[in-house]
Protein chains: 2
Amino acid sequence: MPETPVQDATRGVTATGRATGLVPPDAPPAYHRLLERLGQVSDLHAATTLLNWDEEVNMPPGGAAARAEQKATLNRLAHEAFTAPEVGQWLDELAGWEAQLDPESDAAALLRVTRRDYERARRVPPDLVAELARASSQGYQAWVEARSQQRFAVFAPALARLLELRRQMADALGYPEERYDALLEGHEPGMRTRQVRELFARLKEGLVPLVQAIAERQDRVRDDFLHGDYPDAAQWEITLEALEAIGFDFQRGRQDRSIHPFTAPLATGDVRLTTRINPRVFGPAFFSSLHEGGHGLYEQGFPAAWHRTPLADGASSAVHESQSRLWENVIGRSREFWRFFFPRVQARFPQQLAGVDAEAMYRAVNRSRPSLIRVDADEVTYNLHIMLRFELELALLSGDLPVDDLPGAWREKTRAYLGIEPAHDVEGVLQDIHWSWGGFGYFPSYALGNLIALQLWEAALRDEPGLPEEIARGRLGGVLQWMRQHVHRHGARYEPLELVRRVTGAELSEQPFLRYIRRKYGELYGL
Amino acid sequence: MPETPVQDATRGVTATGRATGLVPPDAPPAYHRLLERLGQVSDLHAATTLLNWDEEVNMPPGGAAARAEQKATLNRLAHEAFTAPEVGQWLDELAGWEAQLDPESDAAALLRVTRRDYERARRVPPDLVAELARASSQGYQAWVEARSQQRFAVFAPALARLLELRRQMADALGYPEERYDALLEGHEPGMRTRQVRELFARLKEGLVPLVQAIAERQDRVRDDFLHGDYPDAAQWEITLEALEAIGFDFQRGRQDRSIHPFTAPLATGDVRLTTRINPRVFGPAFFSSLHEGGHGLYEQGFPAAWHRTPLADGASSAVHESQSRLWENVIGRSREFWRFFFPRVQARFPQQLAGVDAEAMYRAVNRSRPSLIRVDADEVTYNLHIMLRFELELALLSGDLPVDDLPGAWREKTRAYLGIEPAHDVEGVLQDIHWSWGGFGYFPSYALGNLIALQLWEAALRDEPGLPEEIARGRLGGVLQWMRQHVHRHGARYEPLELVRRVTGAELSEQPFLRYIRRKYGELYGL
């Protein structure tokens, strides 16, 4: 399996004696200036992340107007500081020195990533950004109103406007093959729409028959005992216990509550997770905490020396999602995990789980059935929700699908992929917030993350076949250690497809995911 | 009583038809640019305030290093944005237009305050700021170490260095009469050391005999029932109830916990208070919440139209302190307040307060006795702690008192003013954090705040003699309304001495405070 040499210090040196650290001894002044600027930009981003986190976790209602202005100012200052002409001059000055660097060195990686981000950021027309900000705000309001009226038509004009602006943005950014590439690039550097389309086509082919087979055997798995009285305080405690178990470092992070769970990385040493608890059901909060915990472990795993640089970041949204889905599903919904963890949950809910055993719990948390709402979907059906959105986004962006025809197309595809149909738009085309602010191009990352998670997991099992047994005995450190070594410590050094290739020795593929799903759900549903 | 005309809208107009609002219709472009810049600077300050608040309230230990860098970057950007040459050019361009403005208009006030702050900020040498930041950090570490060793000598060299740098800073800033003026100006604009010295001399003359008389009658007031089992949760609830009672708006603020209580104003609509609870005693947390609540009411009372300008700020540290001490002591330790509020406290602590009545509670929370620690001092002795520090600061800054002689001078003055002496430096000269980071010039504001609180209170009672009776009936809105109208709505428009003059019709004086203390404690201790 190809791997890069270990580089762990600021001034690391490889076996061949070449400098590999972030700051080589012969770094020119322009490089130091660049690092200083990147540090400032990183500080502004961190402060903005705190403003966002606080808004969801703590802020009283009266703070909303001022908060919007504070965020706008910090965002603008960060953009100005990063796209200032002198940054381009430093990058130009450094080109000769960069050519001499070991391409595997940290310094070379930093310059590659910085150059890529700088060139993209410079192509963004400031006026278009301002117009998109306005349209996003109006789009969000229209979406909220449309949901309250249960009428897509209320949102349609704002959506059309957002699409038009995103087309303009894509054209300003440029793209190698098709317009959607420009939007995808913002989340999955180096990836093409064509590749996503091909992966998803094969994935769909494997999933749709499986979903139909499972839908016909709904009586095989029961989860009724997960619904009942699961008090808030005990659920909160068990989420903390689970985060401890997977290795989340509470000296370098914390968990709070918010309406929509998310992860806010303020620094490698300060990673904030949130969760949401429904005291009438066990599961959503627990798996949401594991999910955000997976994001958090990734953020806590970046090399300390990369602090305040763009390298201390995930390789892409999909790679980030691979880490959250790994802990939420591949580990957190595994039979081995529940062999270890079930007694702890049962100890906190002895009445609610009387007569339930680890195997029953394992089956319950893996119940699969077609549902209308993406965020509630199980492992089998989830990716179909994503493909539906991806296909509709492509058709909307190209203009092949007029905005007014979107609800009908949504219903048609839901029926084709899941065999069910939304009764109204709130549980259909109006369910996701993403399009309300013009967030096209993000959905694929969710499904790609699922694929990457399983491809990484197969590689980890090849390296260490004993990992599942370790998990069953409550030793989750081996999994984390493998991810730290093969994924986390690389931060944003590699583009996602390259990272997958280097770590697993193969191109990104849907096959590991399909193998996993067929084996696991074949057994659960007796297929 | 002289008062300014009411101005409540952005484009207010006086009876004479002259524009008084913040943005007059004929405002030149330079004025709009200035406002925009001030808004950005305000946003950066707000983000820094959030970084500070979060550090004390939420941050995990692993976030410390990154947080220091984030704060340094935002502070530097705010300073650069405010002191940029174009700000001076705009102010120059606006001089002619400004001369035509009604001097009582918001726009004229904004330009006055901005010009004053700009000129002061421009005089600060950047290198000296950087050196002071380093010396502060080293000073703080030396202070912590000196406390752990109970040896002032460990801190002495760092203190000497900080004094030297502060002397340089004072010389760079300039001063009208004496060096200390330059430091005082940062907290009390327009005030002179000479004025503080004179006020304090008369105040000391009145207080020292009173402290002695009270010390001889310690048996007159008992507070033993305040010590015992006062559970954390019930104390937390009663602090929230008290904040509600005084009118703190929880839609525009919140309370949290921190080791050192403080107020963090993120915006007029988002004011954060903190408190600290000791479950072995009733009082410290309660009055600390009232104290921070007083700061919070001031911040919540600035005109909304002044949002993101330097006018949305306290007139000075002392005026800010006048508001916190008013609610903590003048209201919160009044017989009328306890007539109203005692049943609420007793309902939460029925065992602990069995057999206690409102009058006994009133007496207990006003128990006075000389003590060594400033932050634990009562209303009578508190100002003597401040005067001691003020006198020592003056002597240190002038060089009349060598740093090595400071502990002896501290002991001597403590004996002279309070009749007691610290056993070691931790309860003496090493007790306050202020000097550890070079914070000379701030202490006077604490005592001046007490004086201003009583001078304002006398004025309020002249206007509305029924206020105490309202308080006894649980109606605290009248007090808040008066402060809103006469103090809060002026924000930073007037310098502190001018504000006092305009609101009370008299020069700042120690007499209202002395009258209040003599009456209240004369009765409590039968003097």
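Conventions we followed
- Residues numbered from 1 in each chain as written.
- Chains lettered and ligands numbered in written order.
- Predicted model: local features only at pLDDT ≥ 70, side-chain atom pairs only at ≥ 80, totals over all residues.
- Heavy atoms only, no water.
- Salt bridge = Lys/Arg side-chain N within 4 Å of Asp/Glu carboxyl O.
- Buried < 20%, exposed > 50% of the residue type's maximum accessible area, 1.4 Å probe, protein only.
- Helix = DSSP H or I, 4+ residues; strand = E, 2+ residues; numbered from the N terminus.
- Contact = heavy atoms within 4.5 Å.
- Buried area = accessible area lost by both parts, 1.4 Å probe.
- Polar contact = N/O pair within 3.5 Å; in protein donor to acceptor, adjacent residues only side chain to side chain.
- Expected span 1.5 Å × (residues − 1).
- Least-squares fit on C-alpha atoms with pLDDT ≥ 70 in both.
- Pairing = 2+ DSSP bridges.
- Axes fitted to C-alpha atoms, helices over the stretch in contact; angles between N-to-C directions.
- Patch = residues over 30% accessible without salt bridge, like charges linked within 9 Å, V, L, I, M, F, W, Y side chains within 5 Å.
- Areas by Shrake-Rupley, 256 points an atom, 1.4 Å probe, with all protein chains shown as cover.
- UniProt positions renumbered as here; feature names shortened; annotations may be inferred.
- Domains from an automatic or database assignment.
- Nonpolar A, V, L, I, M, F, W, Y, C, P; charged D, E, K, R; others polar.
- Core = buried A, V, L, I, M, F, W, Y, C linked by side-chain atoms within 4.5 Å.

Undergrad: Go over the pattern of salt bridges, please, and point to the residues and values.
TA: Tallying each qualifying case throughout the model produces 82 salt bridges over all chains. Here A:Asp171 ties to A:Arg179 by a salt bridge, and the two come within 2.9 Å at their closest N and O atoms. Residue classification places A:Arg179 among the partly exposed residues on the basis of a relative accessible area of 29%. Across the salt bridge formed by A:Arg389 and A:Asp432, the nearest N and O atoms sit 2.4 Å from each other. Highlighted residues: A:Arg389 in helix α14 (residues 379-398) and A:Asp432 in the loop between α15 (406-418) and α16 (443-463), separated in sequence by 43 residues. As far as the burial class goes, A:Arg389 and A:Asp432 line up, both buried. Where salt bridges share partners, they join A:Asp54, A:Arg67, B:Asp270 and B:Arg272 into one cluster.

Undergrad: Summarise the interface of chain A and chain B; cite the residues concerned and give the values.
TA: Between chain A and chain B, the residue contacts involve 36 residues of the former and 36 residues of the latter. For the pair chain A and chain B, the summed buried surface comes to about 2,700 Å²; carbon and sulfur atoms form 57% of the total. Taken together, the links from chain A to chain B amount to six salt bridges. The partner of B:Arg272 in a salt bridge is A:Asp54, and the shortest N-O contact between them spans 2.7 Å. The tally of links from chain A across to chain B stands at 16 residue pairs in polar contact (both at pLDDT 80 or more). Among the secondary structure elements, those contributing two or more residues to the side of chain A that touches chain B are α1 (29-57), α2 (64-83), β1 (253-257), β2 (263-267) and β3 (270-275) of chain A.

Undergrad: Can you explain helix α10 (residues 284-300) of chain A? Please cite residues and give values.
TA: When the terminal C-alpha atoms of α10(A) are compared, their 24 Å separation across 17 residues agrees well with the 24 Å that a helix rising 1.5 Å per residue should span. Within α10(A), 16 of the 17 residues are buried, which leaves the element mostly enclosed by the surrounding structure.

Undergrad: Mind laying out the relation of the copies chain A and chain B, listing which residues take part and the relevant values?
TA: When chain A is fitted to chain B, the best match, at an RMSD of 0.0 Å, comes from turning it 180° and sliding it 0.0 Å along the axis. Each copy turns onto its partner about a two-fold axis. Within chain A, the C-alpha atom positioned nearest to the axis of rotation is that of A:Ala47, 3.3 Å from it. Take the interface residues of chain A: 100% of them recur as interface residues in chain B, which is what a same-surface contact looks like.

Undergrad: Describe in detail the sheet that holds strand β1 (residues 253-257) of chain B, supporting the description with residues and values.
TA: Residues and elements named next belong to chain B. Pairing within the open sheet is mixed, and its three strands lie in the order β1-β3-β2. A strand with exactly one partner marks an edge of an open sheet, and here the two such strands are β1 and β2 (263-267). Geometrically, the sheet is characterised by an average inter-axis angle of 20° between neighbouring strands, direction not taken into account. Alignment of β1 against strand β3 (residues 270-275), held across five bridges, turns out to be parallel. Looking at β3, one finds that Asp256 is bridged to Thr274.

Undergrad: Lay out unusual backbone geometry with the relevant residues and their values.
TA: All names here are of chain B. One non-glycine residue, Gln150, lies in positive phi territory at about 50°. In this structure, Gln150 sits in the loop between α5 (126-149) and α6 (156-173). Overall, Gln150 belongs to the partly exposed group, its relative accessible area being 42%. The residue Arg308 is not glycine, and still its phi comes out positive at about 70°.

Undergrad: Tell me about a nonpolar patch on the surface, and please be specific about residues and values.
TA: Judged by side-chain polarity, A:Tyr140, A:Val144, A:Ile433 and A:Trp437 come together as a nonpolar surface patch covering roughly 340 Å² of accessible area. Along the chain, A:Ile433 turns up in the loop between α15 and α16.

Undergrad: Please set out the UniProt feature "binding site: Zn(2+)" (unreviewed entry) in chain A residue by residue, giving values where relevant.
TA: Residue and element names in this part refer to chain A. Mapped onto this numbering, the UniProt entry annotates "binding site: Zn(2+)" (unreviewed entry) at His291, His295 and Glu321. The largest pairwise C-alpha distance within this set of annotated residues, which runs over 31 residues, is 8.6 Å, so the set is compact in three dimensions. Owing to a relative accessible area of 10%, His295 belongs among the buried residues under this scheme. Contacts of His295, omitting those with residues within four sequence positions, involve Thr263, His320, Glu321 and Ser324. Residue position: Glu321 is located in helix α11 (residues 317-331). Leave out the neighbours within four places in its chain, and Glu321 touches His291, His295, Tyr442, Ser445, Tyr446 and Gly449.

Undergrad: So what's going on with the pairing of β2(B)? Which residues, and what values?
TA: Residue and element names in this part refer to chain B. Among the five residues in β2, four count as buried, and that is most of the element. Examined bridge by bridge, β2 and β3 share four bridges and lie antiparallel to one another. Note that in β3 the partner of Pro265 across the bridge is Val271. Counting the residues that bridge the hairpin from β2 to β3 gives two residues.

Undergrad: Which residues make up the domain arrangement of chain A, and what values do they have?
TA: Residues and elements named next belong to chain A. With domains assigned, chain A is organised as domain 1 (29-181) and domain 2 (224-370 + 445-525). Using C-alpha coordinates to define each centre, domain 1 is positioned 28 Å away from domain 2. Applying the counting criterion to the domain 1 and domain 2 interface returns four salt bridges. Residues Glu104 and Arg502 are paired through a salt bridge, measuring 2.7 Å at the closest nitrogen-oxygen approach. Applying the counting rule to domain 1 against domain 2 returns six residue pairs in polar contact (both at pLDDT 80 or more). Elements with a contribution of two residues or more to the side of domain 1 that touches domain 2: α1 and α4 (106-123). Split by residue class, the side of domain 1 that touches domain 2 holds nine nonpolar, six polar and seven charged.

Undergrad: Explain the nonpolar core to me, using residue names and the numbers behind them.
TA: Nonpolar side chains in soluble globular proteins generally cluster together in the buried interior. Within the largest apolar cluster, 157 residues are counted, with the highest numbers of intra-cluster contacts made by B:Tyr31, B:Phe282, B:Phe286, B:Trp338, B:Phe341 and B:Trp457. With sequence-adjacent residues up to four places away left out, B:Tyr31 is seen in contact with B:Leu22, B:Val23, B:Pro24, B:Leu94, B:Trp97, B:Ala107, B:Leu110 and B:Leu111. In terms of nonpolar packing, the next biggest core, distinct from the first, is built from 127 residues, A:Phe152, A:Leu173, A:Leu476 and A:Phe513 among them.

Undergrad: Can you tell me about the sheet that holds β3(A), naming the residues and giving the values?
TA: Strands pair in a sheet through their backbones, by hydrogen bonds, and they do so in one of two ways: parallel or antiparallel. On the basis of which strands lie adjacent, the open sheet formed by three strands has the order β1-β3-β2 (chain A) and mixed pairing. Two strands bound the open sheet, and with one partner strand each, they are β1 and β2 of chain A. Neighbour to neighbour, the strand axes of the sheet diverge by 20° on average, direction disregarded. Each of β1, β2 and β3 of chain A touches α10(A); the most contacted strand, β3(A), lies at about 165° to it. Relative to the sheet, helix α2 (residues 64-83) of chain B contacts β2 and β3 of chain A, its axis offset from that of β2(A) by approximately 80°.

Undergrad: Give me the UniProt feature "active site" (unreviewed entry) in chain A: which residues, what numbers.
TA: Within the UniProt annotation, "active site" (unreviewed entry) is assigned to A:Glu292. Locating A:Glu292 in the fold gives a position in helix α10.

Undergrad: For the environment of B:Leu128, give the residues involved together with the corresponding values.
TA: All names here are of chain B. Within the fold, Leu128 resides in helix α5. Expressed as a C-alpha distance, the spacing of Leu128 and Met169, which sit 41 residues apart in the sequence, is 7.2 Å. In this structure, Leu128 is in contact with Leu165, Gln168 and Met169, ignoring residues within four places of it in sequence.

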